[in-house]
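Residue strings, one per chain:
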Amino acid sequence: MDLKLQDKVVIVTGGTGGIGKAIVKAFLGEGAKVAFSSTRQEKADALVAELDAGDRVKGFVADMTKEEDVKAFVEAAKEHFGTINIVVPNAGYEGQAHPVQDMTLDLFEKTYMMNVFAPMLMMKYAAPTLIENGSGAVVVIASAAAFEPTAGNSAYVSSKYAVAGLTKCIAMELGPVGVHVNYVCPGPVDTPMMLRIEKDFFGDSMTHEEAQAMLAGQYAMDKRYAKPEEVANAVLYLASEVSSHTAGMGMHVDSKVSAAN
C-alpha cells in the first residue's frame, strides 16, 4: 500500500528516544523528510550519522518544557524544509510512582509540562502552517494509560488522560480545514523508559522478565512488550492520507482487547 508519504515534511519531538528513533526511521523509509528534536546536540548528530539519509533529515536541540524552544524548533524545521505536513509530538516523561499523600506539585507540573503542555505547544505553533496548506496530520503519542488508571501513578496516568482529551479537541478544530488529528496509545514498549518504569514500580524485587510477564500477561496475544517499530507503524498509518477520514481516534498498540478509544 502506498501511504503517500513521499517528500512529506514531518516534525518529531524526542527523536532520539526509543520510540522516537523508530518513528524517524519509519518516515524516512517511506521517503519523507524529517526534522526531529533532541535534548543534546551530540545525540542529534549521532542519530543523523546513523540514519545516513542525507538532506532528508535534520536534528535540532530543543527543550520541550520551554515554550520558546518549542516555537523555535517548529520555526526552524519549517525554514529548513520549506513547510510542515505532519506533526508527531512524541517526547514524554514517565513521571514517578507515589501514593497521593506523597505526591508533590513539582512532580505533577513536570509530568504535565512534558506530556500535555509540550504537545499542545507543538500543535499551537504548527497549526498555522497546516491550516495554510489545507491538509496534513497530527499524531500524538499518548498511552494506553489514558484509559487504564493505575494506583500510585496518578501524575503520569492523568497526564495521558489529559493529552487524549486535548487531542480530541484539536481534531475537531483542525478537521474542518483538512487536517486529521489522532493519537497512538502504546502499552508497555521495549525501550529504556520501560526499564526505568519497572525499576520505579518494582525496585529489585523482580527481574525484567518477571516484570514483563506481569505487565503484559493480560494481553490477548504474545504476552510481551510492544516493539518501538510497531508503534511507529501505527503512527505512519495515522499520519498518512489513507487514514484521512479518521479523526480523534486513539489507536491502541498493546495487544489488549479494549472497547475504549
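As a reminder, the structure under discussion sits directly above these lines.
Fair warning: this is a prediction, and the values are worked out from it, not measured in the lab.

Pulling in residues and values, what's your account of the overall build of the protein chain?
A tally of regular secondary structure across the protein chain gives eight helices and seven strands. Within the protein chain, the fraction of its 261 residues that count as buried is 49%. A sequence separation of at least 24 residues applies to 70% of the contacts in the protein chain between residues at least 6 apart. When the accessible area of the protein chain is evaluated, it comes to approximately 12000 Å², of which 55% is carbon and sulfur surface.

Could you give an account of the pattern of salt bridges, with specific residues and numbers?
Taken as a whole, this structure holds five salt bridges when the rule is applied. Its salt-bridge partner being Lys 25, residue Glu 50 comes within 3.0 Å of it at the nearest N-O pair. Of the two residues, Glu 50 sits in helix α2 (residues 41-51) while Lys 25 sits in helix α1 (residues 18-29), which places them 25 residues apart along the sequence. Take Glu 50: its relative accessible area is 44%, and that puts it in the partly exposed class. Through salt bridges with shared partners, a single network forms among Lys 21, Lys 25 and Glu 50.

How would you explain the nonpolar core if you had to name every residue and give the values?
By size, the foremost hydrophobic cluster in this structure holds 42 residues, and its most contacted members are Ile 11, Met 64, Phe 73, Val 87, Met 122 and Val 138. Of all the secondary structure elements, the ones that give two or more residues to this core are β1 (9-12), α3 (67-81), α4 (105-133), β5 (136-141), α5 (154-174) and β6 (179-186). Beyond its immediate chain neighbours, meaning those up to four positions away, Val 87 contacts Ile 11, Met 122, Ala 126, Leu 130, Ala 137, Val 138 and Val 139. Residues Ala 22, Phe 27, Leu 47 and Val 231 belong to the second largest nonpolar core, which totals 34 residues.

Describe empty space enclosed by the protein, and please don't skip the residues or the numbers.
Counted by the stated rule, this structure contains one cavity of 30 Å³ or more. Considering only enclosed or pocket space, the largest cavity measures out at about 30 Å³ in volume. Around the largest cavity, the lining residues are Thr 13, Met 64, Pro 89, Asn 90, Ala 91, Ala 118, Pro 119 and Met 122. Here the residues of the lining of the largest cavity sort into six nonpolar, two polar and no charged.

Before we move on, can you summarise the pairing of β6 with the specific residues and values?
Among the eight residues of β6, eight are classified as buried, and the element is accordingly described as predominantly covered. Here β5 pairs with β6 via six bridges, running parallel. Note on β6: the bridge partner recorded for Gly 136 is Val 179. Regarding topology, α5 serves as the crossover connection from β5 to the parallel β6, and that connection is right-handed. For β6 and strand β7 (residues 250-253), the ladder comprises four bridges, and the chain directions are parallel.

Could you give an account of the sheet that holds β1, with specific residues and numbers?
Ordered in space as β3-β2-β1-β4-β5-β6-β7, the seven strands form an open sheet in which the pairing is parallel. Edge strands, defined here as strands with exactly one partner in the open sheet, are β3 (57-61) and β7. With strand direction ignored, the average angle separating the axes of adjacent strands in the sheet is 20 degrees. Summarising the sheet, strand β4 (residues 86-88) and β5 pair through two bridges and their orientation is parallel. Paired with Val 87 across the strands is Val 138, a residue of β5. Along the sheet face, α1 touches β1, β2 (33-38), β3, β4 and β5 and points at about 170 degrees away from the line of β2.

Describe unusual backbone geometry, listing the residues and the values that go with them.
For Lys 4, which is not glycine, the phi dihedral falls at a positive 60 degrees. Residue placement: Lys 4 occurs in the segment before β1. Not every positive phi belongs to a glycine, and Asp 52 is a case in point at roughly 50 degrees.

Rules used in this analysis
Residues numbered from 1 in each chain as written. Predicted model: local features only at pLDDT ≥ 70, side-chain atom pairs only at ≥ 80, totals over all residues. Heavy atoms only, no water. Helix = DSSP H or I, 4+ residues; strand = E, 2+ residues; numbered from the N terminus. Buried < 20%, exposed > 50% of the residue type's maximum accessible area, 1.4 Å probe, protein only. Contact = heavy atoms within 4.5 Å. Areas by Shrake-Rupley, 256 points an atom, 1.4 Å probe, with all protein chains shown as cover. Salt bridge = Lys/Arg side-chain N within 4 Å of Asp/Glu carboxyl O. Core = buried A, V, L, I, M, F, W, Y, C linked by side-chain atoms within 4.5 Å. 1 Å grid on protein atoms, 1.4 Å probe; cavity = no way out; pocket = protein on both sides within 12 Å on 5 of 7 lines; lining within 4 Å. Points joined across faces, edges and corners; volume = space filled by probe spheres on them. Nonpolar A, V, L, I, M, F, W, Y, C, P; charged D, E, K, R; others polar. Pairing = 2+ DSSP bridges. Right-handed = clockwise from strand over helix to strand, strands pointing away. Axes fitted to C-alpha atoms, helices over the stretch in contact; angles between N-to-C directions.

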